[in-house]
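Understanding the architecture of this molecule
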Amino acid sequence: MDAAHVDDDLVNVLFTEQQIHEKVGELAAAIERDYEGRELLIVGILRGAVMVMADMARAFTRHVEMDWMAVSSYGSGTKSSGVVRILKDLDTDISGRDVVIVDEIIDTGLTLSWLTANLASRNPASVEICTLLRKPEALQMPVDVKYVGWDIPNEFVVGYGLDYRERYRNLRDIGTLAPHVYS
């Protein structure tokens, strides 16, 4: 879906499809350099990271294994509840593995902080985080993020996997959602 189809719902477009594609390629190249000669498992956080994971996997020039987790801390609102639940766990044993968690956005940091600790308890060789977007002003919990696409203002954004009530995920761009949509 193109931003023109939901223009009245957006305050502005932060990143275009082309900018996102280039940034995901840069993140994949950095990860690939850092893990040269090592087996790598990338773990996408459902549902938002689907677009990032798909494009990132295609950007790699080597084999990469993928797995998925679904965790929830939002419910139906626009703010994190702070309570994290695993809705779908990994199918892969990560013991002794190098793992990179791939997410589309870090907002409060509560979910990723909890998830990183959870995965670290499973004895991986390493656990790092890659996110396309991060909201530094919204962080409530420190999270060590090795790979960041962009830092953005503390605004409600949609597109490229980011949703509001399951809408806008298939928007090719990332934009700021107009308050009249969610208030």
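The structure this text deals with has already been given above.
Predicted, not measured: the structure shown is a model, and the values here were computed from it.

Conventions we followed
- Residues numbered from 1 in each chain as written.
- Predicted model: local features only at pLDDT ≥ 70, side-chain atom pairs only at ≥ 80, totals over all residues.
- Heavy atoms only, no water.
- 1 Å grid on protein atoms, 1.4 Å probe; cavity = no way out; pocket = protein on both sides within 12 Å on 5 of 7 lines; lining within 4 Å.
- Points joined across faces, edges and corners; volume = space filled by probe spheres on them.
- Helix = DSSP H or I, 4+ residues; strand = E, 2+ residues; numbered from the N terminus.
- Phe/Tyr/Trp six-rings, centres within 6.5 Å; stacked < 30°, edge-to-face > 60°.
- Buried < 20%, exposed > 50% of the residue type's maximum accessible area, 1.4 Å probe, protein only.
- Lys NZ or Arg CZ within 6 Å of the ring centre and 35° of its normal.

**Considering the layout of surface pockets**
- Roughly 170 Å³ of volume is contained in the second largest pocket.
- Lining the second largest pocket are 13 residues, and of these Glu 17, Met 51, Asp 55, Tyr 160 and Arg 172 sit closest to its centre.
- Residue assignment for the lining of the second largest pocket shows that the elements contributing at least two residues are helix H1 (17–34) and helix H2 (50–59).
- It is H2 that provides the largest number of residues to the lining of the second largest pocket, a total of 5 residues.

**Digging into the packing of aromatic side chains**
- Under the counting rule described, the total for this entry stands at 4 aromatic pairs.
- With a centroid separation of 3.7 Å and 10° between ring planes, the pair formed by Phe 15 and Trp 150 is classed as stacked. Residue Phe 15 is found in strand E1 (residues 10–15), and its partner Trp 150 is found in strand E7 (residues 147–151); the two are separated by 135 residues along the sequence. You'll find Phe 15 and Trp 150 in the same group, each marked buried.
- Members of the aromatic cluster, each reached through a chain of ring pairs, are Phe 156, Tyr 164 and Tyr 182.
- Its guanidinium or amino end placed over the ring of Tyr 168, Arg 167 lies 5.7 Å from that ring's centre, counting from NZ or CZ.

**With respect to the environment of Glu 39**
- Mapped onto the fold, Glu 39 is located in the loop between H1 and strand E2 (40–46).
- Separated by 23 residues in sequence, Glu 39 and Arg 62 place their C-alpha atoms 10.0 Å apart.

**Here we look at unusual backbone geometry**
- Cis geometry is adopted by the peptide bond preceding Arg 47, which originates at Leu 46 and carries an omega value of 0°.
- In this model, Tyr 160 sits at a positive phi of 50°, which is unusual for a non-glycine residue.
- Tracing the sequence through the fold places Tyr 160 in the loop between strand E8 (157–158) and strand E9 (174–177).
- With a relative accessible area of 8%, Tyr 160 lands in the buried category.
- For Arg 165, which is not glycine, the phi dihedral falls at a positive 50°.
- Along the chain, Arg 165 turns up in the loop between E8 and E9.
- Judged by relative accessible area, Arg 165 falls into the exposed class, the value being 58%.

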